[in-house]
Amino acid sequence: MSKTAILEIDGKKYEFPIFKGSENEEAIDIKKLRDLTGMVTLDPGYKNSGSCTSEITFLDGELGILRYRGYAIEDLAENANFLEVSYLLIFGEKPTAVQLDKFENDIRKHTLVNEEMKSILDGFPKTAHPMGILAAMTSALTSFNPKSVDVENEKDMYCAVCKTMGKFLVIATWTFRKNMGYPMNYYDNTKGYVENFMRLMFEIPTEPYKVNQTVIDALDKLFILHADHEQNCSTSTVRMVGSSHAGLFASISAGVSALWGPLHGGANQAVLEMLEEIHNNGGDTDKYLAKAKDKADPFRLMGFGHRVYKNFDPRAKIIKKAANEVLATLGVEDPILEIARKLEKAALEDEYFKARNLYPNVDFYSGIIYRALGIPTDMFTVMFAIGRLPGWIAQWKEMRENKEPIGRPRQIYTGSPLREFK
Ligand code: CMC
C-alpha cells in the first residue's frame, strides 16, 4: 500500500499521497489541498516546499552529496570538462566524443554577437557593475534573436541552447573589457570554450596572448562546480520566468539578476571584500567572528552557511584544495588565503557556528582562485553566472518540456480590511 499523509482540520480528515523521488526523498503531494480544504500552505522562502520534480541534480544537504544526472560532483570535477558537463546537464546523458564535438561546433556557429550590441554596451557608465550590464545585455539578445524566443520543437530548443552558450560567454567578458577600456574582441572558433574565456577577457591587440594551462584547468573545474544546484534562487527565477513562456534569454537575464544578490552568487565578491577588509584592519579574525555572532550587527560571515547544506558543502572541499594547488602552481603567495584559513578554522571551532551548522560554502574559497588568476573582484559573480549557465538552460528546458504550469504562488493577505477612499 502506498504511503499517505493525513491532515485533520476542524475534526475533518484529508488524505494526501506521498510522492517518492528516485533517491527516496519523500514529499506530501498537496496539489489538491486548496480544492479539498479551501486552504493554502504558508512557507516563506520555500524552506519546506518542492516547486517541481526534476531529473537534473540531486543534492543531500545532510550528507553533503551533490550529483549531476547521477554523477558525483567529485567525479565530474576530476574527470570531465565543462562542455561535457554542460551537455550532460542539458541533454541528460554524457555525450559521446562525436556528440561533444558536434555540440562544441554548434556553439561556435553562434559565438558572433551582433555588432549593434556594442552600442548598448556603450550606453552604460564605466562604473556600472558587470552583473547589471550582463543582465541587460542578455535580455537585449532577445531583440537580436527574436526567432529564439518561441521554442516550439526540439530543433528550436537545440538552437536556442547553442546560441545562449555561445553569446553569453562573449557578452560576459565584454562587461569586463568595457570597464578596462579595451576594444571588444571576438571568440576564436579554433580554440576551446574555457580558453576562449581567458582570451576574451585578457587578450589585447598590441601583444600576443599566452595561455596558461593551469589557469584553464582551474577555471574548467570551477565552472563545473557551479554548473547546477537544483532549485536555488536564480534557477527558480529562471524556471519561474520561463513558466510564463518568456524566452530563454529573458529567463536567463532574470537569473543573472537573482544571482547578483550577496546572499546568493554575489557572496563570492562579498567574501573577498570581507577578507580584504580583515587583512587591511590588521587581520583580527576574532573581531569579525564576534561581529558575525552579534545579532545587533548586520554583518554576516560571508561564504558561510547554506540553505541546504547542513554538514559541509562538497563544492567547498574541492575548491579549497584547488585554491591551494592553483596558488602553489602559479607561485602566488596571497595573505588573503591565510586570513581565509584562520577564519575558517576559528568558525568551525566556534559554538555559534557549530550549533547552526554553518560551514564554508562554494563561495568561500572561489574568490581566492579568481584573484590569483587576475580576475577583478566585481567580475566574480559573472564567473559564477558563466558556470551556472548550463544549469539554468537545463532547468528551463526541463520546465518547458514537462509543460509545467505558470508559476504563481499564493499569499495570505495581512493588510487593511476594506476602507473608503474619500
Ligand atoms: N554568519 C553569521 N550567522 C549566520 C550566517 C553567517 N554567514 N548564516 C546563517 N547565520 C545564522 C542566522 O543568523 C540564523 O541564526 P539564528 O537562528 O540565531 O537566527 C541561523 O544562522 C540560520 O540562518 P538563516 O539565515 O535562517 O539561514 P538561511 O538558510 O535562510 O540562509 C544563507 C542561508 C546562505 C542565505 C545564509 O547562511 C547567509 O546569509 N550566508 C552568508 C551569505 C553566503 O555566503 N551566501 C552564499 C550561499 S552558497 C552559494 C549560493 O547559493 O549562491
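So, here's what we can say about the structure.

What counts and what doesn't
- The numbers attached to residues start from 1 for each chain and follow its sequence in the written order.
- Given that this is a predicted model, residues contribute local features only at a pLDDT of at least 70 and side-chain atom pairs are listed and counted only at 80 or more, while totals for whole chains, interfaces and linings are drawn from all residues.
- In computing side-chain values, all of the structure's heavy atoms are included and hydrogens and water are not.
- To qualify as a helix, a DSSP run of H or I must reach at least 4 residues; to qualify as a strand, a run of E must reach at least 2; elements of each kind are numbered from the N terminus.
- Here the globule rule reads 2.2 Å times residues to the power 0.38, and the radius of gyration is calculated from C-alpha atoms.
- The cut-offs for exposure are 20% and 50% of the maximum accessible area for each residue type, with area from a 1.4 Å probe on protein chains only; residues under the lower value are buried, those over the upper are exposed, and the others partly exposed.
- The Shrake-Rupley method, run with a 1.4 Å probe, gives the accessible areas here. Residue values count only the displayed protein chains as cover.
- For this analysis, a ring pair means two rings from Phe, Tyr or Trp (six-membered ring only for Trp) whose centres lie within 6.5 Å, classed as stacked if their planes differ by under 30 degrees, edge-to-face if by over 60, and tilted for the remaining angles.
- Definition used: whenever NZ (Lys) or CZ (Arg) falls within 6 Å of the ring centre and also within 35 degrees of the ring normal, the charge is taken to sit over that ring.
- Every case where a carboxyl oxygen of Asp or Glu lies within 4 Å of a side-chain nitrogen of Lys or Arg is listed as a salt bridge.
- Here, two residues are considered to be in contact whenever any of their heavy atoms come within 4.5 Å of each other.
- By disulfide we mean two sulfur atoms from cysteines, separated by a distance within 2.5 Å.
- Nine residue types can take part in a nonpolar core, namely buried Ala, Val, Leu, Ile, Met, Phe, Trp, Tyr and Cys, and a core is a set of them joined through side-chain atoms within 4.5 Å.
- Helix span is expected to be 1.5 Å times the residue number reduced by one.
- What qualifies as a polar contact is a pair of N or O atoms within 3.5 Å, subject to a donor-acceptor requirement within protein and to the restriction that residues adjacent in sequence count only when both atoms come from side chains.
- Patches here are clusters of residues that have more than 30% relative accessible area and form no salt bridge, with a 9 Å joining cutoff for like charges and a 5 Å cutoff for nonpolar side chains (Val, Leu, Ile, Met, Phe, Trp, Tyr).
- Charge convention: Lys and Arg are scored as positive, Asp and Glu as negative, and His as well as the terminal groups of each chain are ignored.
- Every charge is mapped onto a representative atom, which is NZ of Lys, CZ of Arg, CG of Asp or CD of Glu.
- We call a residue near a molecule or strand as soon as one heavy atom of that residue lies within 4 Å of the molecule or strand.
- Gly counts as polar in this scheme, as do all residues outside two lists: the nonpolar Ala, Val, Leu, Ile, Met, Phe, Trp, Tyr, Cys and Pro, and the charged Asp, Glu, Lys and Arg.
- Only when DSSP finds a minimum of two bridges between them are two strands counted as paired.
- Axis lines are fitted through C-alpha atoms, for helices just across the contact stretch, and the angle between N-to-C directions can take any value from 0 to 180 degrees.

Looking only at helices and strands, one finds 18 helices and six strands in the protein. On C-alpha atoms alone, the protein measures out to a radius of gyration of 23 Å, which is about the 22 Å that the 2.2 N^0.38 rule sets for 422 residues. Overall, the C-alpha framework of the protein stretches about 80 × 60 × 55 Å when taken along its three principal axes. In the protein, buried positions account for 50% of the 422 residues. Summed over its atoms, the accessible surface of the protein is roughly 21500 Å², and 52% of this surface lies on carbon and sulfur atoms.

Quick look at the packing of aromatic side chains now. What describes a pair of aromatic rings is the distance from one ring centre to the other and the angle between the planes of the rings. Evaluation of the coordinates by the stated rule reveals 16 aromatic pairs. Aromatic rings pair up to connect Phe82, Tyr187, Tyr193, Phe197 and Phe223 into one cluster. Above the face of the phenylalanine 312 ring, lysine 317 is positioned so that its terminal group lies 4.3 Å from the ring centre. A cation over a ring is seen here: arginine 356 above tyrosine 352, with NZ or CZ 3.9 Å from the ring centre.

A word on the pattern of salt bridges. Under the criterion given, the structure shown has 23 salt bridges. Between glutamate 104 and arginine 108 there is a salt bridge, with the nearest N and O atoms lying 3.3 Å from each other. Of this pair, glutamate 104 and arginine 108 both sit in helix 4 (residues 97-108), separated by four residues, roughly a single helical turn. On the basis of relative accessibility, which here comes to 18%, the residue glutamate 104 falls in the buried class. Judged by relative accessible area, which is 17%, arginine 108 ranks as buried. A salt bridge links lysine 291 to aspartate 297, with the nearest nitrogen and oxygen atoms 3.1 Å apart. One salt-bridge network, held together by shared partners, links Lys102, Asp106 and Lys109.

A few words now on the environment of asparagine 189. Positionally, asparagine 189 belongs in the loop between helix 7 (154-180) and helix 8 (193-202). Distance from asparagine 189 to glycine 391, taken between C-alpha atoms, is 23 Å for residues 202 residues apart in sequence. Once residues lying within four places of it in the same chain are set aside, the contact partners of asparagine 189 are Arg108 and Thr111.

Glancing now at the state of the cysteines. Counting across every chain of the model gives zero disulfides. As a non-bridged cysteine, cysteine 159 has cysteine 162 as the owner of its nearest cysteine sulfur, 7.0 Å distant. For the unlinked cysteine cysteine 233, the closest cysteine sulfur is that of cysteine 52, found at 14 Å.

Attention now moves to the nonpolar core. With 120 residues, the main nonpolar core has Tyr68, Phe197, Leu219, Leu275, Leu301 and Ile375 as its most contacted residues. For leucine 275, the residues in contact, after removing those within four places along its chain, are Ile336, Ile339, Ala340, Leu343 and Ile368.

All right, on to helix 9 (residues 213-226) then. At 3.6 residues per turn, the α-helix brings residues three or four places apart onto the same side. Taking 1.5 Å of rise per residue, 14 residues should cover 20 Å, and helix 9 covers 20 Å from first to last C-alpha, within 8% of that figure. Within helix 9, eleven of the 14 residues are buried, which leaves it mostly tucked inside the rest of the structure. Taken residue by residue, helix 9 has Val215, Ile216, Ala218, Leu219, Asp220, Lys221, Leu222, Phe223, Ile224, Leu225 and His226 as its buried positions. A side-chain oxygen of the first residue of helix 9 lies 2.9 Å from the backbone nitrogen of threonine 214; this N-cap is asparagine 212.

Position of lysine 422 among the secondary structure elements: in the segment after helix 18 (380-401). Taking the C-alpha atoms as reference points, lysine 422 and lysine 345, separated by 77 residues in sequence, lie 62 Å from one another.

It is worth spelling out a positive patch on the surface at this point. The grouping of Lys47, Lys295, Arg300, Arg307 and Arg356 at the surface amounts to a positive patch. Along the chain, arginine 300 falls in the loop between helix 13 (285-293) and helix 14 (314-330). Using a relative accessible area of 59% as the deciding quantity, one classes arginine 300 as exposed.

A few words on the site of the ligand. Residues in contact with the ligand amount to 23 residues; listed here are only the nearest, His264, Arg300, Leu301, Gly303 and Arg307. A distance of 3.1 Å separates a nitrogen atom of the ligand from a polar backbone atom of leucine 263. Glycine 265 places a main-chain nitrogen or oxygen 3.3 Å from an oxygen atom of the ligand. Protein contact buries 78% of the 930 Å² of open area that the ligand shows by itself. Of the residues that constitute the shell around the ligand, the class distribution is eleven nonpolar, six polar and six charged.

Right, let's talk about the sheet that holds strand 1 (residues 4-9) for a bit. One open sheet holds the three strands; their spatial order is 1-2-3, and the pairing between them is antiparallel. The outermost strands of the open sheet, each flanked by one partner alone, are strand 1 and strand 3 (26-28). Recorded for the sheet is a direction-independent mean angle of 30° between the axes of neighbouring strands. With three bridges joining them, strand 2 (residues 12-20) and strand 3 adopt antiparallel strand pairing. In the strand pairing of strand 3, isoleucine 18 is matched with isoleucine 28.

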